[in-house]
Amino acid sequence: MPYGYEEWPKLSLESFKLGRELNLRSIKVGSINYDFEPSNIVITGMGGSGIVGDIVRDSLWGHNIIIHKDFNIPKWVDSRSLVVAVSYSGETLETICGALDALRRGVPVVGVTTGGRLASELEGRGAPVVKVPKAIAPRFGLPNLLYAVLGLLSHYLTIPEIDESISVQGDALRSELPGRLASFLKGYVPMIFAPIGLQAVAYRFKNDLNENSKTPAVVAIVPEADHNDIVAVMLKHPVKYIIIRGRTDDVHDYLMRAVEEVVKNYSSDVEVVELKGSSRLSQEVYGSMLLGLVSVKLAELYGIDPVRTDPINTLKEKIRGINCPSN
Ligand code: PA5
């Protein structure tokens with residue numbers, strides 16, 4: 001299978017080790033001390049790197065984990081925070097600016113990247129960096145980035161069900177759903193319903209559809225979607241519905257069944273994707289792999305190259321020379 005999906009289990013283990021092996025608590029950068037209990041963890045990054053933060057936030061639900069997808073980090077972030085700056089290439093300006101802004105303000109920062117400017121800027125200031133293995137494109141390096149971040153955070157938090165999250169990857173690889181779902185979606189705009197506690201799967205699927213399949217997609221997160229998105233089912237649009245069903249808590253599980261019933265009352269173009277695994281981490285990793293496979297199969301059906309993302313390259317080129325925001 002191309003695009004490296006079959007390597008995910010091995011890369012997950014290796015990358016967790018890489019993150020874990022960096023003895024963060026022994027690090028000091030000037031007056032910034034990494035041996036502390038962070039009152040919050042801010043995970044920065046864009047696109048295929050940014051989704052790592054969403055998965056970590058859902059997986060470690062209940063902890064104070066904030067996702068930041070922009071340049072300079074919010075004003076309230078201070079030396080009691082830990083900033084984890086994730087950029088596959090290390091060349092993403094938003095992430096570089098955020099990391100440097102944080103260090104300047106005395107906030108502990110750790111980078112997760114394959115190298116690039118992020119690595120050299122951080123290392124040049126003595127700040128820690130985990131260098132992960134390369135992949136065919138940033139989003140295909142999800143296990144490399146995600147498990148390195150989990151390894152790092154394991155110095156501060158307990159990470160549940162790491163082993164299970166790796167073993168469910170085999171189930172996703174063996175599933176026949178991707179081929180069927182790709183044929184179902186061809187020629188339509190996917191509308192993806194998911195519960196809030198597993199929202200990263202829906203956003204990851206949307207991003208993979210955008211980038212790999214060059215397809216627009218709508219994400220509808222329950223319960224908020226019960227108050228707006230759901231009304232769109234009343235008209236016939238060129239849309240196919242995907243319901244992501246997992247396990248979070250009784251109320252949200254019940255709400256997702258209710259949404260499924262309502263959508264099916266209006267449309268027969270509905271597919272339900274059942275996530276495997278007992279923890280949120282396992283379910284999100286399983287869903288990310290399974291639905292990633294759908295996106296590359298859909299690209300095959302369209303006869304396009306999943307790896308090419310020309311407009312992203314054009315936009316990155318356009319902003320390359322600009323300065324970080326000054327505040
Ligand atoms: O998957 C992709 O190619 C993009 O979404 C990138 O991840 C995004 O542009 C950010 O780049 P990087 O991951 O190198 O920081």
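Criteria and cut-off values
Residues numbered from 1 in each chain as written. Predicted model: local features only at pLDDT ≥ 70, side-chain atom pairs only at ≥ 80, totals over all residues. Heavy atoms only, no water. Near = heavy atom within 4 Å. Polar contact = N/O pair within 3.5 Å; in protein donor to acceptor, adjacent residues only side chain to side chain. Areas by Shrake-Rupley, 256 points an atom, 1.4 Å probe, with all protein chains shown as cover. 1 Å grid on protein atoms, 1.4 Å probe; cavity = no way out; pocket = protein on both sides within 12 Å on 5 of 7 lines; lining within 4 Å. Sits in = over half its atoms within 2 Å of the grid points. Helix = DSSP H or I, 4+ residues; strand = E, 2+ residues; numbered from the N terminus. Nonpolar A, V, L, I, M, F, W, Y, C, P; charged D, E, K, R; others polar. Pairing = 2+ DSSP bridges. Axes fitted to C-alpha atoms, helices over the stretch in contact; angles between N-to-C directions. UniProt positions renumbered as here; feature names shortened; annotations may be inferred. Core = buried A, V, L, I, M, F, W, Y, C linked by side-chain atoms within 4.5 Å. Buried < 20%, exposed > 50% of the residue type's maximum accessible area, 1.4 Å probe, protein only. Domains from an automatic or database assignment. Contact = heavy atoms within 4.5 Å. Buried area = accessible area lost by both parts, 1.4 Å probe. Salt bridge = Lys/Arg side-chain N within 4 Å of Asp/Glu carboxyl O.

1. Here's the deal with the site of the ligand
Near the ligand there are 13 residues, and of these S49, S87, S89, T92 and E211 occur at the shortest range. The separation between an oxygen atom of the ligand and a polar side-chain atom of R139 is 2.9 Å. In the complex, 94% of the free accessible area of the ligand, which totals 380 Å², lies under the protein chains. Taken atom by atom, the bulk of the ligand overlaps the largest pocket. At the level of elements, helix 2 (47-59) and helix 11 (310-319) are the ones that each hand at least two residues to the shell around the ligand. Tallying contributions element by element places helix 2 first for the shell around the ligand, with three residues. Here the shell around the ligand is composed, by residue class, of four nonpolar, six polar and three charged.

2. Remarks on the sheet that holds strand 11 (residues 270-274)
Two strands in a sheet stick together by hydrogen bonds in their backbones, pointing the same way (parallel) or opposite ways (antiparallel). The strand order across the open sheet formed by four strands is 9-8-10-11, and the pairing between neighbours is parallel. The sheet terminates laterally at strand 9 (218-222) and strand 11, the two strands that pair on one side only. Across this sheet, the average inter-strand angle for adjacent strands is 20 degrees, counted without regard to direction. Across five bridges, the pairing between strand 10 (residues 239-245) and strand 11 is parallel. Counterpart to Y241 in the pairing with strand 11 is V270.

3. Considering the UniProt feature "domain: SIS" (unreviewed entry) in the chain
The UniProt record annotates "domain: SIS" (unreviewed entry) at residues 28-163. This span, residues 28-163, is 35% helix and 21% strand, and a straight line between its end C-alpha atoms measures 32 Å.

4. Section: the nonpolar core
Core analysis: the largest hydrophobic core is formed by 90 residues, its most contacted members being Y34, V56, V84, V112 and L146. If you tally residues by element for this core, the top one is helix 10 (residues 280-302), at 10 residues. If you look at the next biggest cluster of nonpolar residues, it comprises 14 residues, including F193, A220, V222 and V233.

5. Quick notes on the domain arrangement of the chain
By domain assignment, the chain separates into domain 1 (5-153) and domain 2 (164-302). If you average the C-alpha positions of domain 1 and of domain 2, the two centres end up 27 Å apart. The partner domain 2 presents 24 residues to the 19 residues of domain 1 that form the contact. Surface buried jointly by domain 1 and domain 2 totals about 2000 Å² across both partners, of which 62% is contributed by carbon and sulfur atoms. Linking domain 1 to domain 2 there are one salt bridge. Linking R139 and E211 is a salt bridge whose minimum nitrogen-to-oxygen distance equals 3.2 Å. Run the count over domain 1 and domain 2 and you get eight residue pairs in polar contact (both at pLDDT 80 or more). Elements supplying a minimum of two residues to the side of domain 1 that touches domain 2: helix 1 (8-21), helix 2 and helix 5 (142-153). The greatest single-element share of the side of domain 1 that touches domain 2, amounting to six residues, is contributed by helix 2. Classifying every residue of the side of domain 1 that touches domain 2 gives 12 nonpolar, two polar and five charged.

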